Amino acid sequence: SKEPDVNILHVGPMYISATAAEQIEQTISELADDYNGDGKIKVGILDITVNKFGNEDAGIDPVNYDHNNKGLQRFQTEIRAGDTVIYALDKEFFDICVEEDLLMPLDEVIDDAYMPEKTVDGYGVYMADLKAKELKGLDSFPETAILCIRRSPDRDDIKYGRSMETWKGNRDTFVNIIKYGQ
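Everything numeric in this text was worked out from a predicted model, so none of it was measured.

*Asks:* Describe the pattern of salt bridges, listing the residues and the values that go with them.
*Replies:* Per the counting criterion, the structure on display carries nine salt bridges. One salt bridge connects Lys 118 with Asp 129, and the closest N-O pair in it is separated by 3.6 Å. Highlighted residues: Lys 118 in the loop between helix 3 (91-99) and strand 4 (124-126) and Asp 129 in the loop between strand 4 and strand 5 (146-149), separated in sequence by eleven residues. Its relative accessible area of 54% is what places Lys 118 among the exposed residues. Exposure remark for Asp 129: the relative accessible area of 36% places this residue in the partly exposed category. A cluster of three or more residues bridged by salt bridges with shared partners is formed by Lys 91, Asp 95 and Asp 121.

*Asks:* Before we move on, can you summarise the side chain of Ser 140 with the specific residues and values?
*Replies:* Tracing the backbone shows Ser 140 in the loop between strand 4 and strand 5. Engagement of the side chain of Ser 140 in a polar contact is seen with the backbone oxygen of Gly 137, the distance being 2.4 Å. Setting aside residues up to four positions removed in sequence, Ser 140 forms contacts with Met 14, Ile 16, Ala 20, Ile 24 and Lys 133.

Calculation notes
Residues numbered from 1 in each chain as written. Predicted model: local features only at pLDDT ≥ 70, side-chain atom pairs only at ≥ 80, totals over all residues. Heavy atoms only, no water. Salt bridge = Lys/Arg side-chain N within 4 Å of Asp/Glu carboxyl O. Helix = DSSP H or I, 4+ residues; strand = E, 2+ residues; numbered from the N terminus. Buried < 20%, exposed > 50% of the residue type's maximum accessible area, 1.4 Å probe, protein only. Polar contact = N/O pair within 3.5 Å; in protein donor to acceptor, adjacent residues only side chain to side chain. Contact = heavy atoms within 4.5 Å.

Everything listed is a geometric property; what it means functionally is a separate question.
Shown next, in the form of structure tokens:
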């Protein structure tokens, strides 16, 4: 099967380089299992770069609005119909997902023994607060990115093509990232 075992979405102002993406894939494959049974652990990464709006007076470069609009559209499409399950999101995109009730509450996927001390609205954890942030590749995510997980297909109003089996595999990997080093 060419289907990835784990699907990760990153949305924010920082671009994840090809080298970093390879390192993320390698690290995540060590925290995942071969959920689709094809004999390989494949990790899919979708990186959507959406910049903060520029302010030349404050020394912030102006934004390419066409590129930004494409990124915003891609994000909206992905959260409605995409394959990604594990998200690393800039706060404003995390807030959109919370508002639209797309995320799974952490206390429904993480055992109390491994629940991070600090959560973001009960749905995510800042990368900076995770020991896994030290791992090769994961260290390329911004510290302010919020790691969270998509609501399971059986509890989601949007039918986005993920099976429960695929979601459970991604959930197990998400839990392994949270538990790493604890």
